[in-house]
Amino acid sequence: MAEDSSLSLLRGFKVDFSGNPEFHKIYLAIRCQCGTAGLLSVEVAMDKTLPEVRDAMPSLLENLQVKAAMFRNMSCEMHTRMRQGKL
């Protein structure tokens, strides 16, 4: 994802939205010029081996790219409504 400069890794971000402690979680932020920031995440079960994670990586990255594109394709008006909780 290095070529996608709109995403930034949130190091040390420890919020557990899924409520499942048996997953490794990586959080990324995506920002729009209107000032809205979105939170994207990737979760991997702790019982997965490194080869299993490597095999799944293309799918994980594709899903993350789809989510990022959805955020980028929203209008700034929609972002504003999201920030204001008016969806």
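The structure under discussion appears in the preceding block.
Residue numbers restart at each chain and count upward from 1, following the sequence in its written direction. Note on the predicted model: pLDDT of at least 70 is required for a residue's local features to be given, and 80 or more for side-chain atom pairs to be given and counted; whole-chain, interface and lining totals, by contrast, use all residues. The side-chain values count all of the structure's non-hydrogen atoms but skip hydrogen atoms and water molecules.

Student: Go over helix 1 (residues 50-73), please, and point to the residues and values.
Tutor: To qualify as a helix, a DSSP run of H or I must reach at least 4 residues; to qualify as a strand, a run of E must reach at least 2; elements of each kind are numbered from the N terminus. In this scheme, a helix's expected span is set at 1.5 Å multiplied by one less than its residue total. Its 24 residues place the ends of helix 1 33 Å apart at the C-alpha level, agreeing with the 34 Å of an ideal helix rising 1.5 Å per residue. The angle separating two fitted axes, one through the seven residues that finish at a residue and one through the seven that start at it, defines the bend at that residue. Along helix 1, the largest kink reaches about 45° and is centred on alanine 56; proline proline 58 follows within four residues of it. Any residue under 20% of the maximum accessible area for its type is buried, any over 50% is exposed, and the rest in between are partly exposed; the area is computed with a 1.4 Å probe on protein chains only. Those residues of helix 1 that sit buried are Val53, Leu64, Ala68 and Phe71.

Student: Talk me through a nonpolar patch on the surface; I want residue IDs and the actual numbers.
Tutor: Exposure above 30% relative accessible area and the lack of any salt bridge qualify a residue for a patch; like charges then connect within 9 Å, and the nonpolar side chains Val, Leu, Ile, Met, Phe, Trp and Tyr within 5 Å. Using a 1.4 Å probe, accessible areas were evaluated by the Shrake-Rupley method; residue-level cover was limited to the displayed protein chains. Any carboxyl oxygen of Asp or Glu that lies within 4 Å of a side-chain nitrogen of Lys or Arg is treated as forming a salt bridge with it. On the surface, a cluster of nonpolar side chains totalling about 280 Å² of accessible area is made up of Met74, Met82 and Leu87. On the basis of relative accessibility, which here comes to 31%, the residue methionine 82 falls in the partly exposed class.

Student: Give me the lowdown on the environment of tyrosine 27, citing residues and values where you can.
Tutor: Note that tyrosine 27 resides in strand 2 (residues 23-31). By relative accessible area, tyrosine 27 is classed as buried at 3%. Residues tyrosine 27 and leucine 39, spaced twelve residues apart in sequence, show a C-alpha to C-alpha distance of 6.8 Å.

Student: I'd like a description of the state of the cysteines, backed by residues and values.
Tutor: Formally, a disulfide is one covalent bond, and it connects the sulfur atom of one cysteine to the sulfur atom of another. By definition, disulfides here are pairs of cysteine sulfur atoms that lie within 2.5 Å. Overall, the coordinates contain zero disulfides when judged by the stated rule. Lacking any disulfide linkage, cysteine 32 is separated from the closest cysteine sulfur, that of cysteine 34, by 3.6 Å. In this structure cysteine 76 is not part of a disulfide, and its nearest cysteine sulfur, from cysteine 32, lies 3.6 Å away. The class for cysteine 76 is partly exposed, based on a relative accessible area of 30%.

Student: Before we move on, can you summarise the pairing of strand 3 (residues 37-45) with the specific residues and values?
Tutor: Two strands are said to pair when DSSP picks up at least two bridges between them. One ladder, built from nine bridges, connects strand 2 with strand 3; its direction is antiparallel. Its bridge partner being in strand 3, phenylalanine 23 is matched across the sheet by alanine 45. Hairpin geometry of strand 2 and strand 3 is characterised by an intervening segment of five residues between the two adjacent antiparallel strands and by a positive phi of about 100° at glycine 35.

Student: Go over a negative patch on the surface with me, naming the residues and quoting the values.
Tutor: A positive count includes Lys and Arg, and a negative count includes Asp and Glu. His and the chain ends are not counted in either. Positions of charges follow a simple convention, taking NZ of Lys, CZ of Arg, CG of Asp or CD of Glu. Together, Glu22, Asp47, Glu52 and Asp55 make up a negatively charged patch on the protein surface. As for its placement among the helices and strands, glutamate 52 is situated in helix 1. For glutamate 52, a relative accessible area of 38% gives the class partly exposed.

Student: Describe the nonpolar core, with residues and values.
Tutor: Within soluble globular proteins, side chains that are nonpolar generally end up buried alongside one another. Working definition of a nonpolar core: buried Ala, Val, Leu, Ile, Met, Phe, Trp, Tyr and Cys residues. They are joined through side-chain atoms within 4.5 Å. Residues Leu7, Leu28, Ile30, Cys32, Leu40, Val42, Val44, Val53, Leu64, Ala68 and Phe71 constitute the largest nonpolar core, which totals eleven residues. Those elements giving two or more residues to this core turn out to be strand 2, strand 3 and helix 1. For this core, the element with the most residues is helix 1, which contributes four residues. It only takes one pair of heavy atoms within 4.5 Å for two residues to be counted as in contact. Discounting chain neighbours no more than four positions away, the residues touching leucine 40 are Leu7, Ile26, Tyr27, Leu28, Ile30, Leu64, Lys67 and Ala68.

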